[in-house]
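# Per-entry structural report
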Amino acid sequence: MMYKQEEVFIQGESTIAATMTTPHDGQSPFPAIILIGGTGGLDRDGNGTGFKSNLYKDLAEWLTTQGFVTLRFDKRGIGKSGGNRNSVGLTGLVDDVTTVVRYLKSRDHVSQDILLLGHSEGCIVATLAAERESVSGLILLSGAGVALKTSMQEQAHALLDEVKRTKGIKGKLLRLSLNEKSVIGKQQKLFERVTATDQDTMRIQLMKFPAKWLREHLAFTDESLRERLVQLHIPTLAMTGNRDVQTDAHHLDELDALHAEQIEVQKIKDMDHMLKHFDGEMSILDVKKQYRSQLRQPLHPELQHQLHEWLVRHNRTS
């Protein structure tokens, strides 16, 4: 092993369980990168029930070989972290990141040079956390400057388009259950319901739903998130794959159009939402199957290359 790994428990509003890696070689103090994962129940390594991607573990280990201390953590109510995953809002997720930043700043072997790396929803969390606790830079993968509402709406429209294009008996059956009313209408109703309540959670078809989390997300638009990134004035690298069915890479153009010199955008050819190489047919219906089929694949080489180059340019690695 080219690095040292330790499990740490950080006291925030609730206990945050994390894995910290430290390079074996080089002179401490080291710069550090905090990894912030996407939506859902994945743990600090990027794994969930019946889904073992090790996405964040692989990213952290690679970044450690680049000379960084890394810290990846279980979100509230997931893995070994305390708290309740259904009642935590977006604000709570941001609070936890600021707690982790402060923790790293207090560690002797970590320099004050701390970066946030967000993936998917983690891009939003990283953007908001950087406003609250000073950091040296942002790495935003698959979701820079895109509000959750936008992603949800775009995925719903993409799903309907795909259902319309599906041929044969499969298409006929899909169109019976997936139509404008059942997809877009249902989503709109969900937005209305969470906005009309002040409850942390609500029951939707007998399932507990994180109402506060979605409600707090709905307060942000793409424009307001992009504006925040510009206002931060810190080196920012935003990368999305052109084969990402969950976040449309064209949103990077909107960020680029703001001509903020500290923000660099890169579209990665043939990269999907899970940061893997994919050059097949893009499909929302089959996306879970797609992710499962590439669990053993390494991170996209071009992503690693661009990330390495950016870190070198910012004198953060040798």
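The paragraphs below set out a description of the structure included in this document. On a predicted model such as this, the values are computed, not experimentally measured, just so you know.

## Side note on empty space enclosed by the protein
Applying the stated criterion across every chain, the model contains 3 cavities of 30 Å³ or more. In this structure, the largest cavity spans a volume of roughly 80 Å³. Among the secondary structure elements, those contributing two or more residues to the lining of the largest cavity are β3 (30-36) and α2 (90-105). Here the element with the most residues in the lining of the largest cavity is α2; it accounts for 3 residues. Residues of the lining of the largest cavity, tallied by class, amount to 6 nonpolar, 1 polar and 2 charged. Here the second largest cavity is characterised by a volume of approximately 70 Å³. Lining of the second largest cavity is provided by Leu35, Gly37, Gly38, Leu42, Asp43, Arg44, Tyr56, Arg72, Phe73 and Lys75. Grouping the constituent residues of the lining of the second largest cavity by class yields 4 nonpolar, 2 polar and 4 charged.

## Comments concerning the side chain of glutamine 290
Counting through the fold element by element, glutamine 290 comes out in helix α10 (residues 287-293). Looking at glutamine 290, the relative accessible area reads 9%, which means it is buried. Here the side chain of glutamine 290 touches aspartate 272 through a polar contact of 2.9 Å, side chain to side chain. Residues in contact with glutamine 290, not counting those within four places in the same chain, are Asp272 and Phe278.

## Here we look at the environment of alanine 60
Here alanine 60 shows up in helix α1 (residues 55-65). A C-alpha to C-alpha distance of 19 Å links alanine 60 and glycine 143, two positions 83 residues apart in sequence. Setting aside its immediate chain neighbours within four residues, alanine 60 contacts Thr21, Leu35, Thr70 and Arg72.

## Section: the pattern of salt bridges
Following the criterion strictly, the structure yields 18 salt bridges and no others. Here glutamate 13 and arginine 76 are joined by a salt bridge, their closest N and O atoms 3.4 Å apart. Note that glutamate 13 is positioned in the loop between β1 (3-11) and β2 (15-23) and arginine 76 in the loop between β6 (69-73) and α2, a separation of 63 residues in sequence. On the basis of relative accessibility, which here comes to 61%, the residue glutamate 13 falls in the exposed class. One salt-bridge network, held together by shared partners, links Glu7, Arg44, Asp74 and Lys80.

## Observations regarding the layout of surface pockets
As a volume, the second largest pocket reaches approximately 260 Å³. Lining the second largest pocket are 16 residues, with Glu154, Ala158, Val245, Asp248 and Met282 sitting closest to its centre. In the lining of the second largest pocket, the residues fall into 5 nonpolar, 5 polar and 6 charged.

## Here's the deal with the sheet that holds strand β11 (residues 236-241)
Spatial strand order, β1-β2-β6-β3-β7-β8-β11-β12: 8 strands in an open sheet with mixed pairing. The open sheet has two edge strands, β1 and β12 (263-268), and neither has a second partner. Taken pair by pair, the neighbouring strands of this sheet meet at an average axis angle of 20°, ignoring direction. The pairing of β3 with β6 spans 4 bridges and is classified as parallel. What sits directly across from isoleucine 34, in β6, is leucine 71. Contacting β3, β7 (110-119) and β8 (137-141), helix α3 (residues 121-132) crosses the sheet at an angle of about 140° to β7.

## Here we look at helix α8 (residues 222-232)
Two residues of an α-helix separated by three or four positions point the same way, owing to the 3.6 residues in each turn. Every buried residue of α8 is listed here: Asp222, Leu225, Arg226, Leu229, Val230 and Leu232. Looking straight down α8, one finds that the buried residues subtend no more than 165° of arc, so they occupy a single side. Away from its buried face, by an angle of more than 90 degrees, α8 presents the exposed residues Glu223 and Gln231. Considering only its buried residues, α8 is in contact with α3, β8, α4 (148-165), α9 (251-256) and β12.

So, how was this worked out
- Residues numbered from 1 in each chain as written.
- Predicted model: local features only at pLDDT ≥ 70, side-chain atom pairs only at ≥ 80, totals over all residues.
- Heavy atoms only, no water.
- 1 Å grid on protein atoms, 1.4 Å probe; cavity = no way out; pocket = protein on both sides within 12 Å on 5 of 7 lines; lining within 4 Å.
- Points joined across faces, edges and corners; volume = space filled by probe spheres on them.
- Helix = DSSP H or I, 4+ residues; strand = E, 2+ residues; numbered from the N terminus.
- Nonpolar A, V, L, I, M, F, W, Y, C, P; charged D, E, K, R; others polar.
- Buried < 20%, exposed > 50% of the residue type's maximum accessible area, 1.4 Å probe, protein only.
- Polar contact = N/O pair within 3.5 Å; in protein donor to acceptor, adjacent residues only side chain to side chain.
- Contact = heavy atoms within 4.5 Å.
- Salt bridge = Lys/Arg side-chain N within 4 Å of Asp/Glu carboxyl O.
- Pairing = 2+ DSSP bridges.
- Axes fitted to C-alpha atoms, helices over the stretch in contact; angles between N-to-C directions.
- Arc of directions from axis to C-beta.

Spatial relationships are all this shows, so hold off on functional conclusions.
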